[in-house]
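Structural overview
What follows is the residue order along each chain.
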Amino acid sequence: MYEESSQLPLSQMTGILVVGSGAREHAIIWGMAKSSPGVPLYAAPGNAGIENLATCLPLYSAAEVAAWARDKGRLLVVVGPEAPLAEGIADLLREQGHVVVGPSRQAAQLESSKVFAKRFMDRYQIPTAAWQVFRDRKSLGDYVMQHDTFPLVLKQSRLAQGKGVVVAADREEALQTITEWSHDPAVFADGIIAEQCLTGKEVSVHILTNGQDYVWLPLAQDYKRLTPEPHSPNTGGMGAYAPVNWLSAKERQVIDEHILQPVVKAIAEENLLYRGILYVGLMMTPDGPKVLEFNVRLGDPETEVLIPIVDIPWVEWWWFLGQGRLLETQLPQPNRSAVAVVLASEGYPKQPMTGQSIHIEPIADSLIFHAATVREQGHLKAQGGRVLTVVGLGDNIERARKQSYAQVSTITFPHSQHRLDIAANIEAN
Ligand code: AMP
Ligand code: GLY
């Protein structure tokens, strides 16, 4: 196993900082707070749920976080979202001597530039959908007019919070998408990918990796569309469950041999500094697994179902992973199941309503992770699109699902929306 020459012991840690403000970051902090780390916990910027576990800091960019962290000794920093990683927050904080879970800016391009990721996959023959990149409206428009196989997938190369992908059912939808995206000239400057539409079931594979070795987290599945209707808009994610039990041992082995091993080997060959999580979004096609996307961080809402079922000392794992060391070659099998239902504001993903008052009655075997929430004069208020992730726990998915929806029913949140089919009919979907 790959190890750096010198490892700093846990006693050197002066505090823990989690960067981000979503339900994912709430779950990451919850996982670490369980084991009383004995040092101060901070979140930047955090939310109204996180403030019960950590000190929330009003820091909104990589530069602001780095300026604050300068005199804080040796922090353990876990970076939740992709945007600060794309800005290079991991490099800035590592230069200051902090232990950071998150890839370098260069490696973060696996997510921040879909063109970079596609070229990377082509160089190492990693299975993915056939693709082409376009940098002006006319050439993409011409391509769509000549193309006769639909659906066609259009993707913005740059980061778009899960909303830069359209699976266009027909030519008209593809042309309409181009028109919509043309309002922002930067979209074309970064590139738009037109790619083959893959069919099959999707699965979210997360690994913890130091860029040489890796361990799998349990498999998860998320629900990206706003509603169950086939043409409903893509969102950041409306629900998830874990573990996924419908993949055979053989299919897992194929994923390992054809996708994960070559990807991690390629990261090492390209000298990308990677100490963190790689999330590989896969389509299980009739021709085997193919990569839909790479994310250089934990998924949201996948994290909210993964952290509660992975029973490891998270502080230690993150601390050593940040220094390039994996503590074991395998993680323990999950001993329970989890189902997450996202409560979003009306209008999400286009124009979410804000300001609604929320009231929660907690029940047993469930967890509520906050995303866009604030506390105003003691009252909990919605502040944006995805507001709460409600997680039910149980011995199996069905029990966890019941628990999750039972908890949802105790929450008063006017003008909210959520899906009713999360983790239902898993074998069939
Ligand atoms: P991405 O951000 O690239 O993962 O895309 C978001 C979602 O769009 C995926 O989770 C899929 O549901 C869908 N999608 C992306 N690429 C394809 C593709 N080539 N074929 C079919 N669906 C896709
Ligand atoms: N759940 C999808 C993502 O985090 O990108």
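Residues numbered from 1 in each chain as written. Chains lettered and ligands numbered in written order. Predicted model: local features only at pLDDT ≥ 70, side-chain atom pairs only at ≥ 80, totals over all residues. Heavy atoms only, no water.

It is worth spelling out the pairing of strand β2 (residues 41–45) at this point. Along any regular strand, the residues point their side chains to alternate faces of the sheet. Burial runs high along β2: four of the five residues are buried. Two elements, strand β1 (residues 15–20) and β2, share five bridges in a ladder whose sense is parallel. By the bridge assignment, Ile 16 is partnered in β2 with Leu 41. The parallel pair β1 and β2, bridged by helix α1 (residues 23–33), forms a crossover whose chirality is right-handed. The pairing of β2 with strand β3 (residues 55–56) spans two bridges and is parallel. Bridge pairing links Tyr 42 to Thr 55 in β3. (Buried < 20%, exposed > 50% of the residue type's maximum accessible area, 1.4 Å probe, protein only. Helix = DSSP H or I, 4+ residues; strand = E, 2+ residues; numbered from the N terminus. Pairing = 2+ DSSP bridges. Right-handed = clockwise from strand over helix to strand, strands pointing away.)

Summed over the entire model, instances satisfying the criterion amount to 19 salt bridges. The closest approach of N and O atoms between Arg 123 and Glu 270, which form a salt bridge, is 3.0 Å. Placement of Arg 123 in helix α6 (residues 114–123) and of Glu 270 in the loop between α10 (249–269) and β14 (276–285) is noted, with a sequence separation of 147 residues between them. Residue classification places Glu 270 among the partly exposed positions, given a relative accessible area of 23%. Close ionic contact of Asp 142 with Lys 138 constitutes a salt bridge, the shortest N to O distance being 2.7 Å. Linking Asp 142 with Lys 138, this pair stays in helix α7 (residues 137–146), spanning four residues, or about one helical turn. Residue Lys 138 is classed as exposed on the basis of its relative accessible area, which comes to 57%. Each of Lys 114, Glu 202, Asp 222, Lys 224 and Glu 293 takes part in a single network of salt bridges with overlapping partners. (Salt bridge = Lys/Arg side-chain N within 4 Å of Asp/Glu carboxyl O.)

Attention now goes to the site of ligand 2. Neighbouring residues of ligand 2: Asp 222, Lys 224, Gly 236, Tyr 279, Asn 295, Arg 297, Gly 299, Asp 300, Pro 301 and Glu 302. Within the contact set of ligand 2, an oxygen atom lies 2.8 Å away from a side-chain nitrogen or oxygen of Arg 297. In the model, a nitrogen atom of ligand 2 is placed 2.8 Å from a nitrogen or oxygen of the Glu 302 side chain. Protein contact buries 91% of the 200 Å² of open area that ligand 2 shows by itself. Among the residues making up the shell around ligand 2, the classes are represented as two nonpolar, three polar and five charged. (Near = heavy atom within 4 Å. Polar contact = N/O pair within 3.5 Å; in protein donor to acceptor, adjacent residues only side chain to side chain. Areas by Shrake-Rupley, 256 points an atom, 1.4 Å probe, with all protein chains shown as cover. Nonpolar A, V, L, I, M, F, W, Y, C, P; charged D, E, K, R; others polar.)

Spatially, β17-β20-β19 is the arrangement adopted by the three strands of the open sheet, whose pairing is antiparallel. The sheet terminates laterally at β17 (357–358) and β19 (373–376), the two strands that pair on one side only.

Running from N to C, helix α5 (residues 105–112) and α6 cross one another at 95°; their axes reach a closest spacing of 6 Å. Classified by the angle between their axes, α5 and α6 sit roughly perpendicular to one another. Residues Gln 106, Gln 109, Leu 110, Glu 111 and Ser 112 of α5 touch α6, and the partners they reach there are Lys 114, Phe 116, Ala 117 and Phe 120. A per-class count over the contact of α5 with α6 returns four nonpolar, three polar and two charged. (Axes fitted to C-alpha atoms, helices over the stretch in contact; angles between N-to-C directions. Parallel < 35°, antiparallel > 145°, perpendicular 65-115°, else oblique. Contact = heavy atoms within 4.5 Å.)

Here we come to the sheet that holds strand β10 (residues 201–209). Reading across the sheet, the four strands line up as β11-β10-β14-β15 and stay open at both edges, with antiparallel pairing between neighbours. Looking along the sheet, the strands with just one partner apiece sit at the ends: β11 (214–216) and β15 (288–295). Neighbour-to-neighbour, the strand axes of this sheet turn through a mean angle of 35°, independent of strand direction. Note: β10 against β11, three bridges, orientation antiparallel. Following the sheet pairing, Thr 209 is matched in β11 by Tyr 214.

In this section: the site of ligand 1. By nearness alone, 15 residues border ligand 1, and Glu 195, Gln 196, Leu 198, Glu 202 and Glu 293 come closest of all. A distance of 2.8 Å separates a nitrogen atom of ligand 1 from a polar side-chain atom of Glu 195. Within the contact set of ligand 1, an oxygen atom lies 2.4 Å away from a side-chain nitrogen or oxygen of Glu 202. Contact with the protein chains removes 94% of the 470 Å² of surface that ligand 1 exposes when unbound. For the shell around ligand 1, the secondary-structure elements that each account for two or more residues are β7 (152–156), β9 (192–196) and β15. Tallied by class, the residues present in the shell around ligand 1 amount to seven nonpolar, two polar and six charged.

With omega at 0°, the peptide bond leading from Ala 44 into Pro 45 counts as cis. Here Pro 45 shows up in strand β2. Unusually for a residue other than glycine, His 415 sits at a positive phi of about 55°. Located in the positive-phi region is Asn 425, a residue other than glycine, with phi close to 45°. For Asn 425, the location among the structural elements is in the segment after β22 (416–417).

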